[in-house]
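Architecture and fold: a report
The residues making up each chain are set out below.
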Protein chains: 2
Amino acid sequence: MPVVAVIGAGQLARMMQTEAIEVGQSIRLLAGATDSSAAQVAADVIIGDYTDLEDLRRAVDGADAVTFDHEHVPTEHLRTLISEGVNVQPGPDALVNAQDKLVMRKRLREIGAPVPPFAAIESVEDAEAFFDAVDGAVCLKARRGGYDGHGVWFPKDRGEVGALVAKLLEAGTPLMAEKKVTLVRELSAMVARTPSGEVAPWPVVESVQTDGICTEAVAPAPGLSEQLAQRARQLAVTIAEELGVTGVLAVELFEFEDANGQADIAVNELAMRPHNTGHWTQDGCVTSQFEQHLRAVLDYPLGSVDTTAPVTVMANVLGGDTDPAEPMGRRMAQVWQRFPQAKIHLYGKTHRPGRKIGHVNLSGDDVEQTRIDARAAAHYLVHGRWA
Amino acid sequence: MPVVAVIGAGQLARMMQTEAIEVGQSIRLLAGATDSSAAQVAADVIIGDYTDLEDLRRAVDGADAVTFDHEHVPTEHLRTLISEGVNVQPGPDALVNAQDKLVMRKRLREIGAPVPPFAAIESVEDAEAFFDAVDGAVCLKARRGGYDGHGVWFPKDRGEVGALVAKLLEAGTPLMAEKKVTLVRELSAMVARTPSGEVAPWPVVESVQTDGICTEAVAPAPGLSEQLAQRARQLAVTIAEELGVTGVLAVELFEFEDANGQADIAVNELAMRPHNTGHWTQDGCVTSQFEQHLRAVLDYPLGSVDTTAPVTVMANVLGGDTDPAEPMGRRMAQVWQRFPQAKIHLYGKTHRPGRKIGHVNLSGDDVEQTRIDARAAAHYLVHGRWA
């Protein structure tokens, strides 16, 4: 049976391990520590640093495919591994688009994918010029390393733009700016693609963000026209094909109203791995994103993306300000008592405010009731009391 | 988070590990070898012998609950552990009924559960008398240790009964005999029960046996009247309650025609752990038997046993006479190519004729087509060619 080496040992690798076990595979992990989320639950763990070529070489030795639970492995190391015969999926030419927000936007513009107006920001003058060009609707982003609202700023006026950009450039942060869209909501279009070129897009979901962190996903996105859903799925397929993505690709989308008041979409971010907005597939879809990712990077045929319920809601469990006195096990019991159909997923992580420590999937017939119940379940797991 | 110690490291423990990972738990395994099915995929593995009290003590140290992937742990050791404060689920008073077929049948008769006529066999004379009493319709069984058709004999005449019983008693095999029923088919009624007394019976399934080995399970059992299904579920609940079973209980049933030609049921065997006829729950039910078993032994509220598809068929993958030249990974690819909705589960076991090395779950709308497809998928995984 094939061995997949996964670089990184967070919750995404942990949930890949779950699926790998069932299909008889062996996951090899490169983990930073023995108690990291995935390392707790795997037998074949290499401890090392993903920025160190020698550690990477140890982790990928003999693996049939190498993949990732984050985008931060230096692409030069990946090119070296490929030159040594290692099967890296997705490859560095695709991955660079998930590492650098400016590179990604340029590439998407090239292939005709919709993105909000953007500019490279290499000076205060660049920033001020962009501010004027978009009538002050500026979103400033670090080109690399941002996540969960980190590395994104919304300066309020021209003075704040200048001061912020000066400070960030001084600190060595490469920057870009984007026109802030008038958001209706956020969507996520996910697709898996194999090296042979097979693609399988999942239903498009609505993604709810709170303070820049995904807190909820609703599948399929309520009230989305079939026409726009089809456009979003096709956009994800096109991006995967044009950028040469293999494995799972998440295309985070803005839904906004165009000048005529029509619903339209533009790309916000890309992730080339399983993604928070795809966790619902574990319990609401024939093939979960984690199984599909493993199949895709091994160039196996992809699984059915049929849903198994009319609606599935994923609610994130984010560490609260304090950790409740009631142990997590008893909190789970309370949730299961009230919602026997709740699927709780926990990552083996200790409490820290705002940290993603788990999620709840709940399937049902009624969108609003399912959302209310999923949120209530997640709230109890965080706070140890009902909302 | 609680730690569950599992004694035994076969495929049942492996599939418990899958579910444990998702709910944030840590499974501790007592395994006979580092390459056993579950030990391949777990981080916390104690190597030892389940008949050795010291090894058991090492494995259960600090665990919140202790459970099993087989019934063969000596009950005297379990009693010792309990006296030392260990939380053993299910306990030895229940387990003895899954260890000794004669003890079980006596107990079931006591509580009014239907069982075919039976007798203890301690001499050739006992056997001949039973042969006469049931007009030659004799099934001879080893009281302990039988599985998958091993330890069961169907002697054809009085002379064969005598010779067989003499030989087996001489070899020290404790025996019992049972009247062979005129079988319509086999069914399986499964239920989970917590130490607090909550019960959750799954839909009753049809179980297909070939040469004494389960090869297929169809959920729910096609054409079973709701009345008989309800009786079977209630029977499983009653047995769980009367015998004090905790965790998952499988009640294997004979369906036969009574003297009036009416469909009736009798108990064949009991298993006090997840069971082959419950594997379909992984992909056809909100809560799988493996998650439910962990929840039950930890005395958590039980999960929903609602189905997620009109029909789910489980087909076992049993090692064929030879191992095909095509590697298992490529065989999986062929199956997925033809059946994108097939859920393949493999146990990390090497080929041996007749050995259970995996199973396929397939859900659909049409019972017959789903059976045909599930069998075809399993056949390919075994033989590397379509039937």
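Everything quoted here is computed from the prediction, not taken from an experiment. (Residues numbered from 1 in each chain as written. Chains lettered and ligands numbered in written order. Predicted model: local features only at pLDDT ≥ 70, side-chain atom pairs only at ≥ 80, totals over all residues. Heavy atoms only, no water.)

Right, let's talk about the sheet that holds strand β7 (residues 152-153) of chain A for a bit. All names here are of chain A. As summarised here, the arrangement of the four strands in space is β5-β8-β6-β7, forming an open sheet in which the pairing is antiparallel. Whereas interior strands pair on both sides, the edge strands pair on one side only; in this sheet they are β5 (118-121) and β7. In terms of strand pairing, β5 meets strand β8 (residues 175-179) through four bridges, oriented antiparallel. The partner of A119 across the bridge, within β8, is A177. The sheet strands contacting helix α5 (residues 101-110) are β5, β6 (138-142) and β8, and the helix crosses β5 at an angle near 145°. (Pairing = 2+ DSSP bridges. Helix = DSSP H or I, 4+ residues; strand = E, 2+ residues; numbered from the N terminus. Contact = heavy atoms within 4.5 Å. Axes fitted to C-alpha atoms, helices over the stretch in contact; angles between N-to-C directions.)

Let us now look at the side chain of E216(A). If you trace the backbone, E216(A) turns up in strand β12 (residues 213-219). At 2.8 Å, the side chain of E216(A) forms a polar contact with the side chain of R375(A). (Polar contact = N/O pair within 3.5 Å; in protein donor to acceptor, adjacent residues only side chain to side chain.)

Moving on to helix α8 (residues 226-243) of chain A. Residues and elements named next belong to chain A. Here α8 contains 18 residues, and its C-alpha end-to-end distance of 25 Å stays within 8% of the 26 Å for a straight helix at 1.5 Å per residue. When we look at burial in α8, the residues that qualify are L228, A229, A232, R233, L235, A236, V237, I239, A240 and L243. Residues of α8 that are buried in the fold lie against α4 (92-99), α5, β9 (183-193), β10 (199-201), β13 (247-257) and β14 (263-271). Phi for G244, located one or two positions after α8, is positive at around 70°. (Expected span 1.5 Å × (residues − 1). Buried < 20%, exposed > 50% of the residue type's maximum accessible area, 1.4 Å probe, protein only.)

With that settled, consider the pattern of salt bridges. Taken as a whole and assessed by the stated rule, the structure comprises 52 salt bridges over all chains. D100(B) is the salt-bridge partner of R144(B), the closest N and O atoms lying 3.9 Å from each other. Of the two residues, R144(B) sits in the loop between β6 (138-142) and β7 (152-153) while D100(B) sits in the loop between α4 (92-99) and α5 (101-110), which places them 44 residues apart along the sequence. Owing to a relative accessible area of 5%, D100(B) belongs among the buried residues under this scheme. R331(B) is paired through a salt bridge with D323(B); the nearest N and O atoms lie 3.4 Å apart. Overall, D323(B) belongs to the partly exposed group, its relative accessible area being 45%. Via salt bridges that share partners, R185(A), E206(A), E216(A), E255(A), R371(A) and R375(A) belong to a single interconnected network. (Salt bridge = Lys/Arg side-chain N within 4 Å of Asp/Glu carboxyl O.)

Let's shift gears to the pairing of strand β8 (residues 175-179) of chain B. It is a general feature of regular strands that their side chains alternate between the two faces of the sheet. Residues and elements named next belong to chain B. β8 sits mainly inside the fold: four of its five residues count as buried. As paired elements, β6 and β8 share five bridges and run antiparallel to each other. Bridge pairing links A142 to L175 in β8.

Here the focus is the sheet that holds strand β3 (residues 44-47) of chain B. Residues and elements named next belong to chain B. Ordered by their spatial adjacency, four strands build an open sheet running β3-β2-β1-β4, and the pairing between neighbours is parallel. Both edges of this open sheet fall to β3 and β4 (65-68), since each of them pairs with a single strand only. Strand-to-strand, the axes of this sheet are offset by a mean angle of 25°, without reference to chain direction. Looking at chain direction, strand β2 (residues 26-31) and β3 are connected through four bridges and run parallel. If you follow L30 over to β3, its bridge partner there is I46. The sheet strands contacting helix α10 (residues 289-297) are β1 (3-7), β2 and β4, and the helix crosses β4 at an angle near 140°.

Residue and element names in this part refer to chain A. Mapped onto this structure's residue numbering, the UniProt feature "binding site: ATP" (unreviewed entry) falls at K101, K141, E178, K179, K180, V181, E186, N268 and E269. Summarising the element assignment, K141 is placed in strand β6. Leave out the neighbours within four places in its chain, and K141 touches K101, R105, G151, V152, W153, P174, L175, M176, E178, N268 and E269. At a separation of 3.2 Å, a polar atom in the side chain of K141 contacts the side chain of E178. Relative to the helices and strands, K179 is located in strand β8. On the basis of relative accessibility, which here comes to 35%, the residue K179 falls in the partly exposed class. Apart from residues lying up to four places away in sequence, K179 is in contact with P116, P117, F130, V134 and A137. (UniProt positions renumbered as here; feature names shortened; annotations may be inferred.)

Take the interface of chain A and chain B next. The interface is formed by 40 residues belonging to chain A together with 40 residues belonging to chain B. Here chain A packs against chain B, burying approximately 3300 Å² in sum over the two surfaces, 57% of which is carbon and sulfur. Looking at the side of chain A facing chain B, the largest losses of area belong to I21(A), E22(A) and W336(A), adding up to 21% of the total buried there. At the boundary of chain A and chain B, one finds two salt bridges. For K343(B), the salt bridge identified is with E291(A), shortest N-O distance 2.7 Å. Counting across the interface, chain A meets chain B through 19 residue pairs in polar contact (both at pLDDT 80 or more). Looking at the side of chain A that touches chain B, the elements with two or more residues in it are α1 (11-22), α10 (289-297), α11 (328-338) and β16 (343-346) of chain A. At seven residues, α11(A) tops the list of elements feeding residues into the side of chain A that touches chain B. Of the residues belonging to the side of chain A that touches chain B, the class tally is 20 nonpolar, 14 polar and six charged. (Buried area = accessible area lost by both parts, 1.4 Å probe. Nonpolar A, V, L, I, M, F, W, Y, C, P; charged D, E, K, R; others polar.)

As a further point, take the domain arrangement of chain A. As far as domains go, chain A holds domain 1 (3-88), domain 2 (117-179) and domain 3 (183-383). Between the C-alpha centres of domain 1 of chain A and domain 2 of chain A the distance comes to 34 Å. (Domains from an automatic or database assignment.)

On to the packing of helix α6 (residues 124-133) of chain B against helix α7 (residues 158-170) of chain B. All names here are of chain B. Two numbers describe how α6 lies on α7: the axes approach to 9 Å, and their chain directions differ by 150°. Once α6 is placed against α7, the crossing between them reads as right-handed. Here α6 contributes V124, A127, E128, F131 and D132 to the contact with α7, which in turn contributes R158, V161, G162, V165, A166 and L169. (Left-handed = near helix turned anticlockwise from the far one by under 90°.)

By the element assignment, Q282(B) lies in helix α9 (residues 281-284). A polar contact of 3.5 Å, which involves the side chain of Q282(B), links it to the side chain of H345(B). In this structure the side chain of Q282(B) is engaged in a polar contact, spanning 2.8 Å, whose partner is the side chain of H359(B). Setting aside its immediate chain neighbours within four residues, Q282(B) contacts E22(A), M15(B), S288(B), F290(B), H345(B), H359(B) and N361(B).

A few words on the packing of aromatic side chains. Scanning the model with the defined rule gives six aromatic pairs over all chains in all. Measuring from centroid to centroid gives 5.5 Å for W336(A) and Y300(B), while their planes differ by 70°, and the two rings are edge-to-face. Taken together, the residues span two chains, with W336(A) in helix α11 and Y300(B) in the loop between α10 and β15 (311-318). Overall, W336(A) belongs to the buried group, its relative accessible area being 1%. You can call Y300(B) buried: its relative accessible area is 4%. Connected via pairs of aromatic rings, a cluster forms that spans F339(A), Y380(A) and W386(A). Above the face of the W336(B) ring, R295(A) is positioned so that its terminal group lies 3.6 Å from the ring centre. One cation-aromatic arrangement involves R338(B) over W386(B); the distance from NZ or CZ to the ring centre is 4.3 Å. (Phe/Tyr/Trp six-rings, centres within 6.5 Å; stacked < 30°, edge-to-face > 60°. Lys NZ or Arg CZ within 6 Å of the ring centre and 35° of its normal.)

This part takes up the pairing of strand β9 (residues 183-193) of chain B. All names here are of chain B. β9 sits mainly inside the fold: nine of its 11 residues count as buried. Sheet topology note: the β9/strand β13 (residues 247-257) ladder contains 10 bridges and is antiparallel. Looking across to β13, one finds that R193 is bridged to G247. Bridge count for β9 against strand β11 (residues 205-210) is three bridges, and the pairing is antiparallel. Each residue of the ladder has a partner; that of E186, found in β11, is S207. In terms of strand pairing, β9 meets strand β10 (residues 199-201) through three bridges, oriented antiparallel. Residue pairing across strands places A192 opposite A200, the latter belonging to β10. Two successive antiparallel strands, β9 and β10, enclose a turn made up of five residues, where G197 displays a positive phi of approximately 105°.

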